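Structural description and commentary
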Amino acid sequence: MRASDGSIRSPYEQVAAWLEATGEANLRQRQSEAEALFRRLGITFSVYGEGGDPERLIPFDLIPRVFGAAEWRKLSRGVQQRARALNAFLYDVYHRGEIMRAGIVPESLVYQNEAYLPEMAGFDPPGRIYSHIVGVDIVRTNDTDFQVLEDNCRTPSGVSYMLENREIMMRMFPRLFAACAVDPIDEYPTMLKRTLQEVAPPACKGEPTVVLLTPGPLNSAYYEHSFLADLMGVELVESSDLFVNDGLVWMRTTRGPQRVDVIYRRIDDSYLDPLAFNPDSLLGVPGLFSVYRAGGVTLCSAPGSGIADDKAIYVFVPEMIRFYLGEQPILKNVQTWRCSLADERDHVLANLKDFVVKQVHGSGGYGMLIGPHATKKQISEFRTKILADPDAYIAQPTLELSSAPTVTADGIDARHVDFRPFCLVGKQVRLAPGGLTRVALTKGSLVVNSSQGGGVKDTWVLSE
Amino acid sequence: MLSRTAENLFWMGRYIERADATARLIEMGRRMAMLPGANEEWQSVARAAGCASELPPKASDSKIITYLLLDRDNRSSIHCCLAQARTNAKAIRTALTADMWEALNDHWRLLEALDADEAIADLPVWLDWAKQRAAAFRGAAETSLLRNEGYVFLRLGEFVERAEMTLRLLDVKYYVLLPETDVVGGGRDFHQWTSVLRATSAMRAYHHVYRGDYTPWGIAEFLVLNTMFPRSANFCYRALERHLDDLARLYGERHDCHETAAEMVRRLDGCDINSLFQTGLHEFIGDAIKVTNRLSSEISRAYYF
């Protein structure tokens, strides 16, 4: 909220005045009303295997994160640029591999990567689009700069919170909205559906039938799956609802089989098709991949897209932007050390207490070392892990996370935040003015993942 | 509509209706057991609920009540029915309206936290609570759900279950009567028959039709054959026939379930209560319950679930 000189930054003027006028006690009261609302609407995520109630609320903070119009313009152009470059990279790695021939990205990082699917080599997905929904995690690093922490090209989640947080805020603080001129985000589901329809397969004639494929109610993001299917007006299917016949994909309906053209899948590659990928899986639709290869159905995202959000590949995204688009990167990467390189590894190992160390294939905040908060024992354990398998780790400095005012037990206080906008890639590249702001609720903590006790905030983009 | 969605809606309808009817069954047992000299009432309730064989022969009253209300191993307990309905709802959130989901999800925690002693101490409160859950859900569906096939599958589930449960309620009276079949009439008998009416929320309605003349024949006739009372077997079967006809029109196809429902309506319409008592009400009820179960499986077969 404040610039480095301590003054209130201009996009926050209204919010700061509102905080002043509302007062802490009042805010805390509203906070519990908001939580009751979330609970009643059933906006939960599920955590199984930890005992207790598996249905958890994501803690919601009332104080919005605000972007001014000019800031947003830069951010959104930067995100769209990244989404285009990542898709160009995916096309390239599954075709001629020119970025590797040019010596920019090492071949071993791609072809020996678990996320690289040789089955996809040479295949052209409709529109040459691999990742249709790109979630980019961003932090502010000073008054004018943003840096990217990571890209999520497979099935980024959290967009339902972007939409629900807004609903709750509009319900609770109508006057504040009127005063602030916040750009609306309710077009997102329509944009998503249009994006999915635009990538219909060659075999599709007429209006494409889109479905959303979920692993089912036990999945932690199930609420989001049903929420999006609902808003798009498409069927929410589980893999047992689908089958392959006659070179096409069908869903089981009360009138018998019905054709499916586009599948927005929220399940991993390995569970898509037991014939093509994981033969031990009972999930999946046998034969789905061969229908996909033959142009009978479109999968969003394409299998094998994970190679683009691998953390070892992330390092090269600015280079990709230059290489494929011939443009200068608008958003910077957070400085990243690769443990696979001897020099960088030595530096990381010598300064572990200053770094966040992440597993290259990990997600959701698991398998991380947060140097400044780690015990000596944790640090020495990580040292052993890194030495045993250096290729599996990258490290980033910890100082880069920005903070935002948050309602806490001891009053309003700064907490670390990051930001994930969702970029849609169809025939056009689209971005709704907003995204998901995640907040680390523990003082000083850098971990914002919902699975690790992080919370969320509404994100406002102010109108021009 | 996905077959899985249709199946979930159908069973959600059944579970909610069953939770409601089980609450009514317990309520009836409670009223009957308050009479001086009562002893077999709860056993009769267990038999009518179809779970006598799952309980020990001399199960205590409180054991039977908690089994029907809270037992997590009894798939027909109120707890399991509401939990299952909520699970089904969660699996097909997109086919429900927000109002319907909230009706099932709201207060959910109350039931999860309820213990047996507390439930028995406040039994009427919890029975009302269960009935209110069902009423809120039905009301939400009635006022917010699109009248498409999803609505039909939900209603089919409800009416299949309701037809069966009304028949079962009536059968409790049969079991209660067994040890003393010769004592018909009198205050005790009167109390039992009117308890059947109360459990089906039918006192006022019955009064409108029979002018307060409470006879076993009148009450049985009302609950089996009346075409205007929403919980009578005949009303339920007519509704089933009508909803199935809607589906047939929508899909342009008729199936076995359509014939079964139509035949049952013809049979009930052509029935008079005196001959029903002569041939045996209990036997008639047993047969009607079998037909209802068959109808349920014919519906699943016809619509691929």
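Above this text sits the structure in question.
**Here we look at the overall build of chain B**
Assigned secondary structure in chain B consists of 16 helices and 0 strands. Relative to the globule expectation of 19 Å for 305 residues, the C-alpha radius of gyration of chain B, 19 Å, shows essentially globular dimensions. With respect to the three principal axes, the spread of C-alpha positions in chain B is 55 × 50 × 35 Å. When burial is assessed residue by residue, chain B has 58% of its 305 residues classed as buried. Residue pairs at least 24 apart in sequence account for 67% of intrachain contacts in chain B once pairs closer than 6 positions are excluded. Surface exposure of chain B reaches about 12,700 Å², of which carbon and sulfur atoms provide 51%. Averaged over its 37 positive side-chain charges, chain B has a centre that lies 3 Å from the centre of its 42 negative ones.

**Comments concerning the overall build of chain A**
When you go through chain A residue by residue, the secondary structure sums to 14 helices and 23 strands. The C-alpha atoms of chain A give a radius of gyration of 22 Å, which matches the 23 Å a tight globule of 464 residues would have. On the principal axes, the C-alpha backbone points of chain A span a range of 65 × 55 × 50 Å. When each of the 464 residues of chain A is scored for burial, the buried share is 58%. In chain A, the proportion of contacts linking residues at least 24 apart, taken out of those at least 6 apart, comes to 68%. Carbon together with sulfur atoms contributes 50% to the accessible area of chain A, which is approximately 18,800 Å² in total.

**Quick notes on a negative patch on the surface**
Taken together, the side chains of D115(B), D117(B), E118(B) and D122(B) make up a negatively charged region of the molecular surface. Position of D117(B) relative to the elements: it lies in helix 7 (residues 116–121).

**Some details on the packing of helix 1 (residues 3–33) of chain B against helix 2 (residues 41–48) of chain B**
All names here are of chain B. Close contact between helix 1 and helix 2 brings their axes to 9 Å; oriented N to C, the two are set at 160°. Regarding the angle of helix 1 to helix 2, the classification is roughly antiparallel. Read as a crossing pair, helix 1 and helix 2 show a hand that is right-handed. Where helix 1 abuts helix 2, its residues L25, I26, G29, R30, M32 and A33 lie against E41, W42, V45 and A48. Among the residues making up the contact of helix 1 with helix 2, the classes are represented as 7 nonpolar, 1 polar and 2 charged.

**A closer look at the side chain of N113(A)**
Residue and element names in this part refer to chain A. With respect to the helices and strands, the residue N113 is situated in the loop between helix 5 (107–111) and strand 4 (133–140). According to the relative accessible area criterion, N113 is buried, its value standing at 9%. Among the polar contacts made by the side chain of N113, one reaches the main-chain amide nitrogen of A115 at a distance of 2.9 Å. Dropping the residues within four chain positions of it, N113 is found in contact with S108, I307, D310 and H361.

**Topic: the nonpolar core**
Formed by 131 residues in total, the largest nonpolar core has its most connected members in Y188(A) and I263(A). Beyond its immediate chain neighbours, meaning those up to four positions away, Y188(A) contacts I133(A), V159(A), M162(A), L163(A), L228(A), F422(A), L424(A) and A432(A). In terms of nonpolar packing, the next biggest core, distinct from the first, is built from 103 residues, Y15(B), Y67(B), L68(B) and A261(B) among them.

**Quick look at the interface of chain A and chain B**
Tallying the contact residues gives 23 residues for chain A and 23 residues for chain B. Surface buried jointly by chain A and chain B totals about 2,100 Å² across both partners, of which 43% is contributed by carbon and sulfur atoms. Joining chain A to chain B, the criterion identifies 2 salt bridges. Along the contact surface separating chain A from chain B lie 9 residue pairs in polar contact (both at pLDDT 80 or more). Within the residue set of the side of chain A that touches chain B, elements represented by two or more residues are helix 2 (24–41), helix 9 (222–232), strand 7 (235–237) and strand 9 (248–253) of chain A. The leading source of residues in the side of chain A that touches chain B is helix 9 of chain A, at 5 residues. A breakdown of the residues in the side of chain A that touches chain B according to their chemical character gives 8 nonpolar, 5 polar and 10 charged.

**Looking at the environment of S3(B)**
Along the chain, the position of S3(B) falls in helix 1. Its relative accessible area of 4% is what places S3(B) among the buried residues. S3(B) sits 301 residues away from Y304(B) along the chain, and the two C-alpha atoms are 5.9 Å apart. Look past the residues within four positions of S3(B) in its chain and what remains in contact with it is R252(A), T253(A), T254(A), Y303(B), Y304(B) and F305(B).

**What to know about the sheet that holds strand 10 (residues 256–260) of chain A**
Residue and element names in this part refer to chain A. Taken in spatial order, the 3 strands of this open sheet run 8-9-10, and their pairing is antiparallel. Edge strands, defined here as strands with exactly one partner in the open sheet, are strand 8 (242–245) and strand 10. Averaged over all adjacent pairs, the angle separating strand axes in this sheet is 45°, with direction ignored. Of the pairings in the sheet, the one linking strand 9 to strand 10 comprises 5 bridges and is antiparallel in character. Residue pairing in the sheet places V249 in a bridge with V260 of strand 10.

**Observations regarding the packing of aromatic side chains**
Given two aromatic rings, their pairing is described by the distance between the two centres and the angle made by the two planes. Here the structure, examined in full by the defined rule, presents 31 aromatic pairs over all chains. With 5.2 Å between their ring centres and 85° between their planes, Y111(A) and Y116(A) make a pair best called edge-to-face. For Y116(A), a relative accessible area of 11% translates into the label buried. Taken together, the aromatic side chains of F10(B), W11(B), Y15(B), F153(B), Y251(B), Y303(B) and F305(B) make up a single cluster linked through ring pairs. Lying over the aromatic face of Y251(B), R255(A) brings its terminal NZ or CZ to 4.1 Å of the ring centre. Directly above the ring of W101(B) sits R93(B), whose terminal nitrogen or CZ lies 4.4 Å from the centroid.

**A few points about the environment of T253(A)**
On the secondary structure map, T253(A) appears in strand 9. Considering only alpha carbons, one finds T253(A) and V448(A), 195 residues apart in sequence, at a separation of 41 Å. With residues up to four places along the chain from it excluded, the contact list for T253(A) reads Q258(A), M1(B), L2(B), S3(B) and Y304(B).

**With respect to the environment of S275(B)**
All names here are of chain B. Looking at the element boundaries, S275 is found in helix 15 (residues 273–279). With a relative accessible area of 30%, S275 lands in the partly exposed category. When the C-alpha atoms of S275 and P124 are compared, they prove to be 37 Å apart, with 151 residues separating the residues in sequence.

**Brief notes about the pairing of strand 9 of chain A**
Residue and element names in this part refer to chain A. Summarising burial for strand 9: 5 of the 6 residues are buried, a large majority. Bridging between strand 8 and strand 9 involves 4 bridges; their strand directions are antiparallel. When the bridges of strand 9 are listed, V244 appears paired with V249. Between strand 8 and strand 9, which follow one another and run antiparallel, lie 2 residues, and D246 among them has a positive phi close to 60°. Connecting the antiparallel pair strand 9 and strand 10 is a turn made up of 2 residues.

**Remarks on the pairing of strand 18 (residues 402–408) of chain A**
Residues and elements named next belong to chain A. In terms of burial, strand 18 is a largely internal element, 6 of the 7 residues being buried. One ladder, built from 7 bridges, connects strand 18 with strand 19 (residues 411–420); its direction is antiparallel. By the bridge assignment, A404 is partnered in strand 19 with R415. If you look at the hairpin formed by strand 18 and strand 19, you'll find 2 residues sitting between the two strands.

The rules behind these values
Residues numbered from 1 in each chain as written. Chains lettered and ligands numbered in written order. Predicted model: local features only at pLDDT ≥ 70, side-chain atom pairs only at ≥ 80, totals over all residues. Heavy atoms only, no water. Helix = DSSP H or I, 4+ residues; strand = E, 2+ residues; numbered from the N terminus. Rg over C-alpha atoms; globule rule 2.2 N^0.38 Å. Buried < 20%, exposed > 50% of the residue type's maximum accessible area, 1.4 Å probe, protein only. Contact = heavy atoms within 4.5 Å. Areas by Shrake-Rupley, 256 points an atom, 1.4 Å probe, with all protein chains shown as cover. Lys, Arg positive; Asp, Glu negative; His and termini not counted. Charge placed at Lys NZ, Arg CZ, Asp CG, Glu CD. Patch = residues over 30% accessible without salt bridge, like charges linked within 9 Å, V, L, I, M, F, W, Y side chains within 5 Å. Salt bridge = Lys/Arg side-chain N within 4 Å of Asp/Glu carboxyl O. Axes fitted to C-alpha atoms, helices over the stretch in contact; angles between N-to-C directions. Parallel < 35°, antiparallel > 145°, perpendicular 65-115°, else oblique. Left-handed = near helix turned anticlockwise from the far one by under 90°. Nonpolar A, V, L, I, M, F, W, Y, C, P; charged D, E, K, R; others polar. Polar contact = N/O pair within 3.5 Å; in protein donor to acceptor, adjacent residues only side chain to side chain. Core = buried A, V, L, I, M, F, W, Y, C linked by side-chain atoms within 4.5 Å. Buried area = accessible area lost by both parts, 1.4 Å probe. Pairing = 2+ DSSP bridges. Phe/Tyr/Trp six-rings, centres within 6.5 Å; stacked < 30°, edge-to-face > 60°. Lys NZ or Arg CZ within 6 Å of the ring centre and 35° of its normal.

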